[in-house]
Structures are given as structure tokens and as C-alpha cells.
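Breakdown of the fold
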Amino acid sequence: MPKVAPIDSRAALLTVEAVDKVFPGNVQALRDMSLTVREGDFISLLGPSGCGKSTALRLMAGLSQPTAGRIDWAIPRQKGDLGVVFQEPTLMPWATVAQNVFLPFRLEGRAYPSVRDDVLNALKLVGLDRFQNSYPRELSGGMKMRVAIARAMVTQPRLILMDEPFAALDEITRFKLNNDLLAMQARIGCTVIFVTHSVFESVFLSDRIVVMAARPGRVIEEVRVDAPYPRTEAFRTSADYAAHCRAASTALEHAMAEAA
Ligand SMILES: Nc1ncnc2c1ncn2[C@@H]1O[C@H](COP(=O)(O)OP(=O)(O)OP(=O)(O)O)[C@@H](O)[C@H]1O
């Protein structure tokens with residue numbers, strides 16, 4: 001994807017400023033997290049279990065409020081500017097694929113005929129337009145996740161938040177979905193924040209890897225992946241990819257050592 005501007009000159013989209021999140025029982029899930037998310041970024045949040053990745057994503061989605069600090073959109077936010085994908089596809093089993101993808105519009109009170117083309121285009125982007133009348137039970141795990149991604153992008157959001165969306169899938173399906181996700185991001189030009197445990201996945205997808213440590217959850221380092229987009233299978237086997245994986249692994253080791 002031709003990412004138009006170098007990371008530091010991209011316009012800000014969302015700012016996370018000195019955020020703390022403390023859960024009942026004095027569990028400090030996040031301490032002093034700051035991050036400027038910029039238009040067109042592909043950011044991975046990478047870190048060991050319990051370092052607050054999902055908590056950070058939920059705060060950015062507005063599903064939970066910080067205990068201290070602020071999270072602000074840097075642009076006037078419109079309906080449909082945010083899409084979220086969780087680890088489970090969470091599809092409505094009684095509804096067809098098209099009806100599932102229509103959901104964000106339905107919640108806005110829109111009628112299906114007025115957005116039918118958007119629904120079909122989103123399904124086309126994830127390669128499932130032929131399955132619009134199928135039900136979730138007829139689909140494989142990878143296909144269900146594609147439907148969840150189509151649902152998150154049907155409104156052409158500026159920002160898509162993804163919480164380990166491919167963790168439950170086999171490696172071949174995961175690789176394929178990684179490729180397709182980058183193609184989709186290029187097509188709709190959105191910003192992505194992606195939670196993962198996988199160094200390899202984070203390097204393949206991201207241009208910014210935010211490495212986090214646990215107890216308390218915090219950001220310890222940002223690794224930049226300056227390899228150009230589009231990233232292909234050739235990138236996955238390149239020396240450049242291996243070098244970035246080493247850098248991210250080293251940062252992750254520091255994160256684990258900090259929590260030890
Ligand atoms: N609703 C909650 N109530 C109490 N504690 C919570 C809650 N949600 C998360 N925590 C705690 O906050 C910390 C961070 O959790 P979080 O799920 O954000 O981490 P994570 O990095 O996403 O972990 P994983 O990779 O295992 O999903 C953990 O100690 C967790 O037990």
C-alpha cells in the first residue's frame with residue numbers, strides 16, 4: 001500500500017494521554033499509557049499476557065473509561081468512524097451473512113436497501129460475496145472471521161480496532177487473512193490497531209509495534225517497521241523481515257524481563 005506520508009508527518013487521529021486503568025481489587029491494568037495514533041498507521045500492541053493490550057483497546061473503543069488521563073479523537077468523529085473486531089467473530093447465528101454485515105447500519109437506524117451496495121462491497125472485499133445468503137453455521141472459522149471483518153469495515157471507518165482476531169485460526173488461514181487485511185486496509189485507507197501475542201504477525205502487518213510489559217501494564221518501547229507496503233510473501237521470507245522480527249523479539253524480551 002502506498003502509505004502517503006512518513007509516520008511522524010501523518011495527521012493525528014486519536015490521542016491517548018497519560019492513561020491509567022485500575023480495576024476493582026486495585027489491579028493496575030494500565031499505567032501512564034500515552035500514544036498518538038495517526039491516520040494510516042498500522043499499529044500492533046504486542047506484549048505478554050496480562051500487559052493490558054485488551055484493556056487499552058477497550059478504552060480506545062470507548063467501551064470502558066480511563067481511571068486517569070484522557071483519550072480524544074483528534075478529528076470531529078462521525079457515525080461509523082470506528083469498527084471493532086474481537087477474537088471471537090460474535091456473529092448472530094440466526095441471521096444470514098449479509099444481515100450480520102448490515103448490523104452497524106441497522107444500529108444507526110438505516111434501512112437495508114439504502115446500504116445494500118455497501119454490504120455487498122464489504123463482502124466482496126473479504127471474498128465472501130457469494131455467501132451473502134449463507135448462515136454462520138455453514139462457514140469455516142476463517143470465513144466467520146472474514147464476516148466479522150466485513151461487518152467492522154462496512155461503514156468505511158477511519159479506525160478499526162482488532163483484538164487478536166486470528167488467534168484461534170490455523171497458521172495457513174492466519175497468513176492468508178494477514179495478506180487480505182493489508183489489502184483491505186490499502187483499499188479503504190483506514191487506520192488499524194491490532195492486538196497480538198505474535199512477533200511474526202506484528203512485523204508482517206505493522207509499521208509501528210507498541211511493546212508492552214505487565215504488572216503494571218505499560219508501554220516500554222515502540223519498534224518501527226520501515227519496510228514498504230504492499231507487503232507480500234516475498235517480505236515474509238526476506239532478511240529485512242527477519243531483522244525486524246529480531247528487533248521486536250528483543251523488545252519483547254525486555255518487556256518480559258521488566259515484569260519478572
Ligand atoms: N474487568 C476486569 N476486572 C478486573 N481485572 C481485569 C479486568 N479486565 C482485565 N483485568 C486485569 O487487567 C490486567 C490486564 O488485562 P488485559 O486483558 O488487558 O491484558 P492482555 O494483555 O490483553 O492479556 P491477554 O494477552 O492474556 O489477553 C490483567 O491483570 C487482568 O487480569
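Conventions used here
- Residues numbered from 1 in each chain as written.
- Predicted model: local features only at pLDDT ≥ 70, side-chain atom pairs only at ≥ 80, totals over all residues.
- Heavy atoms only, no water.
- Helix = DSSP H or I, 4+ residues; strand = E, 2+ residues; numbered from the N terminus.
- Rg over C-alpha atoms; globule rule 2.2 N^0.38 Å.
- Buried < 20%, exposed > 50% of the residue type's maximum accessible area, 1.4 Å probe, protein only.
- Contact = heavy atoms within 4.5 Å.
- Areas by Shrake-Rupley, 256 points an atom, 1.4 Å probe, with all protein chains shown as cover.
- Lys, Arg positive; Asp, Glu negative; His and termini not counted.
- Charge placed at Lys NZ, Arg CZ, Asp CG, Glu CD.
- Salt bridge = Lys/Arg side-chain N within 4 Å of Asp/Glu carboxyl O.
- Axes fitted to C-alpha atoms, helices over the stretch in contact; angles between N-to-C directions.
- Parallel < 35°, antiparallel > 145°, perpendicular 65-115°, else oblique.
- Left-handed = near helix turned anticlockwise from the far one by under 90°.
- Pairing = 2+ DSSP bridges.
- Core = buried A, V, L, I, M, F, W, Y, C linked by side-chain atoms within 4.5 Å.

**Examining the overall build of the chain**
Scanning the chain from N- to C-terminus turns up 8 helices and 9 strands. Rg of the C-alpha trace for the chain: 18 Å, near the compact-globule value of 18 Å for 260 residues, within the 12% margin. For the chain, the C-alpha atoms occupy an extent of roughly 50 × 45 × 35 Å along the three principal directions. Taken over 260 residues, the chain has a buried fraction of 53%. In the chain, 72% of the contacts between residues at least 6 apart in sequence involve partners at least 24 apart. Surface accessibility of the chain: about 12000 Å² in total, with carbon and sulfur atoms responsible for 53%. Computing the positive centroid from 30 side-chain charges and the negative centroid from 28, the chain places the two 5 Å apart.

**So, unusual backbone geometry**
A cis amide bond links Arg215 to the next residue, Pro216, at an omega of -5°. Following the sequence through the fold, Pro216 ends up in the loop between β8 (208-213) and β9 (218-224). Positive phi, normally seen in glycine, also occurs at Thr90, with a value near 45°. As for its position among the elements, Thr90 is in the loop between β5 (82-85) and α2 (97-107).

**A word on the environment of Phe200**
Mapped onto the elements of the fold, Phe200 is located in helix α6 (residues 199-205). For the pair Phe200 and Glu233, spaced 33 residues apart in the sequence, the C-alpha separation amounts to 13 Å. Discounting chain neighbours no more than four positions away, the residues touching Phe200 are Tyr241 and Cys245.

**Thoughts on the pattern of salt bridges**
In total, this model carries 14 salt bridges according to the counting rule given. For Lys176, the salt bridge is made with Asp180, and the minimal N-O distance between the two is 3.2 Å. Taken as a pair, Lys176 and Asp180 lie in helix α5 (residues 171-188) at a separation of 4 residues, close to a single helical turn. Take Asp180: its relative accessible area is 16%, and that puts it in the buried class. Salt-bridge contacts for Glu258 lead to Arg218; the nearest nitrogen and oxygen are separated by 2.9 Å. Residue Glu258 is located in helix α8 (residues 239-259), and its partner Arg218 is located in strand β9; the two are separated by 40 residues in the primary sequence. A relative accessible area of 46% places Glu258 in the partly exposed class.

**So, the packing of helix α4 (residues 141-153) against α5**
Where α4 meets α5, the closest approach of the two axes is 11 Å, and the angle between their N-to-C directions is 15°. In terms of orientation, α4 and α5 fall into the roughly parallel class. Considering how the two elements wind past one another, α4 and α5 form a crossing that is right-handed. Here α4 contributes Gly142, Arg146, Ile149 and Met153 to the contact with α5, which in turn contributes Thr173, Lys176, Leu177, Asp180, Met184 and Ile188.

**Some points on the sheet that holds strand β3 (residues 42-46)**
The 6 strands lie next to each other as β5-β6-β7-β3-β8-β9, forming an open sheet whose pairing is mixed. The open sheet has two edge strands with one neighbour each: β5 and β9. The sheet shows a mean angle of 15° between the axes of neighbouring strands, direction not considered. Sheet topology places strand β6 (residues 159-163) next to strand β7 (residues 191-196); 5 bridges connect them, and they run parallel. Residue pairing in the sheet places Leu161 in a bridge with Ile193 of β7. Sheet contacts for α4: β5 and β6; angle to β5, the most-contacted strand, approximately 165°.

**Some remarks on the sheet that holds strand β2 (residues 27-38)**
Taken together, 3 strands build an open sheet; the order of strands is β2-β1-β4 and the sheet is antiparallel. Two strands lie at the open edges of the sheet, namely β2 and β4 (68-73), each paired on one side alone. When strand polarity is set aside, the average angle formed by the axes of neighbouring strands in this sheet is 15°. Relative to β4, strand β1 (residues 12-23) runs antiparallel, the two sharing 5 bridges. What sits directly across from Thr15, in β4, is Asp72. Where helix α1 (residues 53-61) meets the sheet, it contacts β1, β2 and β4, and its direction lies at approximately 125° from that of β1.

**A closer look at the nonpolar core**
With 56 residues, the main nonpolar core has Leu123, Ile149 and Val203 as its most contacted residues. Sorting elements by how many residues they give to this core places α4 first, with 8 residues. If we ignore the near neighbours within four places in the chain, the residues touching Leu123 are Val97, Ala98, Val101, Leu128, Asp129, Gln132 and Ala150. Listed in part, the 26 residues of the second largest apolar core include Val16, Cys51, Ala61 and Val210.

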